[in-house]
Amino acid sequence: MTQAADQLQRFSFDGTNIRGELTQLHDSYQEVLNRHQYPPVIARAVGELMAATALMSANLKFAGRLTLQVRLSGSVSLLQAETSHQGELRAIARYDDQLSNDELDFADGQLVITVEPEQGQRYQGITAIAGGNIAQALSDYFEQSEQLGSRFWLVCDGTRAAGFMLQKMPASADEDPDAWDRLTHLASTLKDEELLQLDNETLLHRLYHEEAVRLYPASALSFLCTCSQERIGTALHQLGYDELQSVLNEQGSIAINCEFCQQLYRFEQHDVDQLFPERQQH
Ligand SMILES: [Zn+2]
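Residues numbered from 1 in each chain as written. Predicted model: local features only at pLDDT ≥ 70, side-chain atom pairs only at ≥ 80, totals over all residues. Heavy atoms only, no water.

(A) Representation of the packing of aromatic side chains in the model. Here the structure, examined in full by the defined rule, presents eight aromatic pairs. With 5.7 Å between their ring centres and 90° between their planes, F11 and F13 make a pair best called edge-to-face. Arranged with centres 5.8 Å apart and planes meeting at 20°, the rings of F11 and F164 form a pair that is stacked. Taken together, the positions of F11 in strand β1 (residues 7-13) and F164 in strand β9 (residues 161-168) put the pair 153 residues apart, joining distant regions of the chain. Residue F11 shares its accessibility class with F164, and that shared class is buried. Here the aromatic residues F11, F13, W153, F164 and Y208 are joined through ring pairs into a cluster of three or more. (Phe/Tyr/Trp six-rings, centres within 6.5 Å; stacked < 30°, edge-to-face > 60°. Helix = DSSP H or I, 4+ residues; strand = E, 2+ residues; numbered from the N terminus. Buried < 20%, exposed > 50% of the residue type's maximum accessible area, 1.4 Å probe, protein only.)

Structure, rendered in structure tokens:
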């Protein structure tokens, strides 16, 4: 079976106010897994969150970044996935080593959505994970903050991740009033393996062969980390000169791995001095 490259593809239904998105991730997801030894339960949740982030990026109407965080109170404290408006994804999980390999417990968790335009105001929305899963929390978020009916389906088998979204745009009077119930009901018959394995055209035909579905050109998704010597330097700067100098005295240099991509950054004495130009005046 041939699998499409990582992508996000929009579709709509003629004569309705309903649109959707489909995403499949393999390479970008594997790039994340290659850099971490996540237990299977974490790896699957990270994949689902990456698929969710890709679907959400369809709503980015400007250059910038979108971050989804799942904050939990148990042995898994954080799941985070990010995308740029160009579909460049990265993700991370923070958890303690005593994690049991059961299902993740999302009870009392929060879903935090952060949108950072390159120009303009940063925006953050927080939704309780009331329904016990990320897909339901995303639907709740759109209901509460955007007054848009939305349904999400997310799946990950540890190798691939995929997502499916339907969204109801503000209606005009003459549109098909039953379409939302009909289309979401049909979507709920979709099996996980169909979402993971079928190409978009086949999947949409299988669900909606009696509907007029319009499929738009797909956009590519990929793994890309945004770390740099400069960004790590900015983070180090916040620790203060004395703290950094004591590490230099002990270890000769400061070695930092990017938490997302494991890239190693090294700061020698002169690199640290450059972070504090005001100290070089005298
Ligand atoms: Zn990185």
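(B) Expanded view of the domain arrangement of the chain. Domain boundaries in the chain define domain 1 (7-223) and domain 2 (229-280). Between domain 1 and domain 2, the C-alpha centre-to-centre distance is 36 Å. When domain 1 packs against domain 2, close to 630 Å² is buried across both sides, 57% of that on carbon and sulfur atoms. Taken as a group, R35, R90 and I92 account for 58% of the area that domain 1 buries against domain 2, more than any other trio of residues on that side. Taken together, the links from domain 1 to domain 2 amount to one salt bridge. (Domains from an automatic or database assignment. Buried area = accessible area lost by both parts, 1.4 Å probe. Salt bridge = Lys/Arg side-chain N within 4 Å of Asp/Glu carboxyl O.)

(C) Spotlight on helix α8 (residues 241-251). Every buried residue of α8 is listed here: Y241, L244, Q245 and L248. Angular distribution of buried residues about the axis of α8 spans 100°; they occupy a single face of the element. Seen from the buried face of α8, the exposed residues on the opposite side, beyond 90 degrees, are D242, E250 and Q251. In this fold, the buried residues of α8 make contact with α7 (229-237), β13 (254-257), β14 (264-267) and α9 (269-275). (Arc of directions from axis to C-beta. Contact = heavy atoms within 4.5 Å.)

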